Amino acid sequence: MLQARDLWKSYGKKAAVSGVSLDVNAGEIVGLLGPNGAGKSTTVAMLCGLTIPDTGTVTVGGVPVGDDGSLVKRRIGLVPQDISLYEDYAAIANLELFGALYGLEGAALKDRARAALELVGLSDRARDKPQSFSGGMKRRLNIACALVHDPDVLLLDEPTAGVDPQSRNAIFENLELLRSRGKALLYTTHYMEEAERLCDRVVIMDHGVVAASDRKEALLDLLPPEKRTKTVVRDASLEDVFLHLTGRQLRD
Ligand SMILES: Nc1ncnc2c1ncn2[C@@H]1O[C@H](COP(=O)(O)OP(=O)(O)OP(=O)(O)O)[C@@H](O)[C@H]1O
Ligand SMILES: [Mg+2]
């Protein structure tokens, strides 16, 4: 569904991305991991046409994502790393605004806005403003804004930064539902356990290049033998205990 070939981007003398290629198929979640400054956000910006690559191509369903405001961009949804909401507009108004930007109108716009809010569990807060929301609720609304036009490709840039395990699990369940509906998802994160839980394949970036790209199980083969067992056999984590004790109910 999403295909990037040999993407390069420099800012002045600083090479941010140096020859990145990746694919995301329909019905698949691909993790994009890498340290701060690895070039993840720059890559994501090129994938959705927000940043024009110095060289390289991006296609969605075989159609190039150009810089000309082409319709193919409507098949992409972006959840930006920094939350971008209109704080003093009601949640539903935020969704209608983003939907209108993508060309929706009338009953279709209202239906899609309601559906997106429902998906992220915020239907009962439709009339409230984001300025009264917790960080987790804002993150969920930020995701809904990227979904309102029902894109085939969803790019998520650290969508769980600063959210509690309840909201994180709710977000994961939303994303798994979208995967089951055949969407192609690219999920950027710093949390390894998120990638392990959620992603079918993982791309690891560093210094602007792809250091490894494979199924999770295959990536484990990159470890020396003495380090493998611990990674494969995973003991219950603190998060398991936390969720057991505090439940999975959303708090806000
Ligand atoms: N607009 C810009 N102008 C100049 N340099 C930039 C710009 N955007 C990114 N860079 C540089 O490009 C490199 C890659 O940045 P990028 O934001 O893509 O990394 P990242 O992997 O998303 O990092 P993080 O995990 O911190 O979000 C960094 O060295 C960064 O300083
Ligand atoms: Mg980033």
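Residues numbered from 1 in each chain as written. Chains lettered and ligands numbered in written order. Predicted model: local features only at pLDDT ≥ 70, side-chain atom pairs only at ≥ 80, totals over all residues.

**Focus on the overall build of the chain**
Here is step 1: In terms of regular secondary structure, the chain is built from 9 helices and 10 strands.
Here is step 2: If one aligns the C-alpha atoms of the chain with their principal axes, the spans along those axes are about 55 × 50 × 35 Å.
Here is step 3: Pairs at least 24 apart in sequence give 69% of the contacts found in the chain among residues at least 6 apart. (Helix = DSSP H or I, 4+ residues; strand = E, 2+ residues; numbered from the N terminus. Contact = placed C-beta atoms within 7 Å.)

**What about the sheet that holds strand β5 (residues 63-64)?**
Whether parallel or antiparallel, the strands of a sheet pair through hydrogen bonds between backbone atoms.
Here is step 1: Taken in spatial order, the 4 strands line up as β2-β1-β4-β5 in an open sheet, and their pairing is antiparallel. Here the strands that pair on one side only, and so sit at the sheet edges, are β2 (14-24) and β5.
Here is step 2: Sheet contacts for helix α1 (residues 40-47): β1 (2-11), β2 and β4 (55-60); angle to β1, the most-contacted strand, approximately 120 degrees. (Pairing = 2+ DSSP bridges. Axes fitted to C-alpha atoms, helices over the stretch in contact; angles between N-to-C directions.)

**A closer look at the sheet that holds strand β8 (residues 184-189)**
Here is step 1: The strand order across the open sheet formed by 6 strands is β6-β7-β8-β3-β9-β10, and the pairing between neighbours is mixed. The open sheet has two edge strands, β6 (76-79) and β10 (209-215), and neither has a second partner. For this sheet the average axis-to-axis angle between neighbouring strands, irrespective of direction, equals 15 degrees.
Here is step 2: Sheet topology places strand β3 (residues 28-33) next to β8; 6 bridges connect them, and they run parallel. From the neighbouring strand, V30 faces β8, where its bridge partner is L186.
Here is step 3: Running at roughly 155 degrees to strand β7 (residues 153-157), α1 makes contact with β3, β7, β8 and β9 (201-206) of the sheet.
Here is step 4: Of the strands in this sheet, β6 and β7 touch helix α4 (residues 135-147), which is tilted by about 165 degrees from β6.

**Brief notes about helix α3 (residues 106-119)**
Here is step 1: For α3, with 14 residues, the first-to-last C-alpha span of 20 Å sits near the 20 Å given by 1.5 Å per residue.
Here is step 2: Of the surrounding secondary structure, the elements contacted by the buried residues of α3 are α2 (91-101) and α4.
Here is step 3: Note on α3: the residue one or two positions beyond its end, G121, has a positive phi of about 70 degrees. (Expected span 1.5 Å × (residues − 1).)

**Observations concerning the site of ligand 1**
Here is step 1: Near ligand 1, the surroundings consist of Y11, K14, A16, G34, N36, G37, A38, G39, K40, S41, T42 and Q81.
Here is step 2: Going through the elements one at a time, β2 and α1 are the ones with two or more residues in the shell around ligand 1.
Here is step 3: Residues of the shell around ligand 1, tallied by class, amount to 3 nonpolar, 7 polar and 2 charged. (Near = placed C-beta within 6 Å. Nonpolar A, V, L, I, M, F, W, Y, C, P; charged D, E, K, R; others polar.)

**Re the nonpolar core**
Nonpolar side chains in soluble globular proteins generally cluster together in the buried interior.
Here is step 1: In terms of nonpolar packing, the biggest core is built from 65 residues, with L95, A144, L155, L185 and L186 touching the most fellow members.
Here is step 2: Residues contacting L95, with those up to four places away along its chain left out, are A113, A116, L117, A144, C145 and V148. (Core = buried A, V, L, I, M, F, W, Y, C linked by C-beta atoms within 7 Å. Buried ≥ 20, exposed ≤ 12 C-beta atoms within 10 Å, placed from the backbone.)

**Remarks on the pairing of β9**
Here is step 1: Pairing of β3 with β9 involves 4 bridges; the strand directions are parallel. What sits directly across from L33, in β9, is I204.
Here is step 2: Hairpin connection, β9 to β10: the antiparallel pair is bridged by 2 residues, and H207 has positive phi, about 50 degrees.

**Some points on unusual backbone geometry**
When glycine is set aside, most residues are seen to have a negative phi, and most peptide bonds are trans.
Here is step 1: We note that E158 has phi near 50 degrees; this positive angle belongs to a residue other than glycine.
Here is step 2: What makes E158 buried here is the crowd of 21 C-beta atoms within 10 Å.
Here is step 3: Not every positive phi belongs to a glycine, and H207 is a case in point at roughly 50 degrees.
Here is step 4: Here H207 is to be found in the loop between β9 and β10.
Here is step 5: Residue H207 is classed as partly exposed on the basis of its 14 C-beta neighbours within 10 Å.

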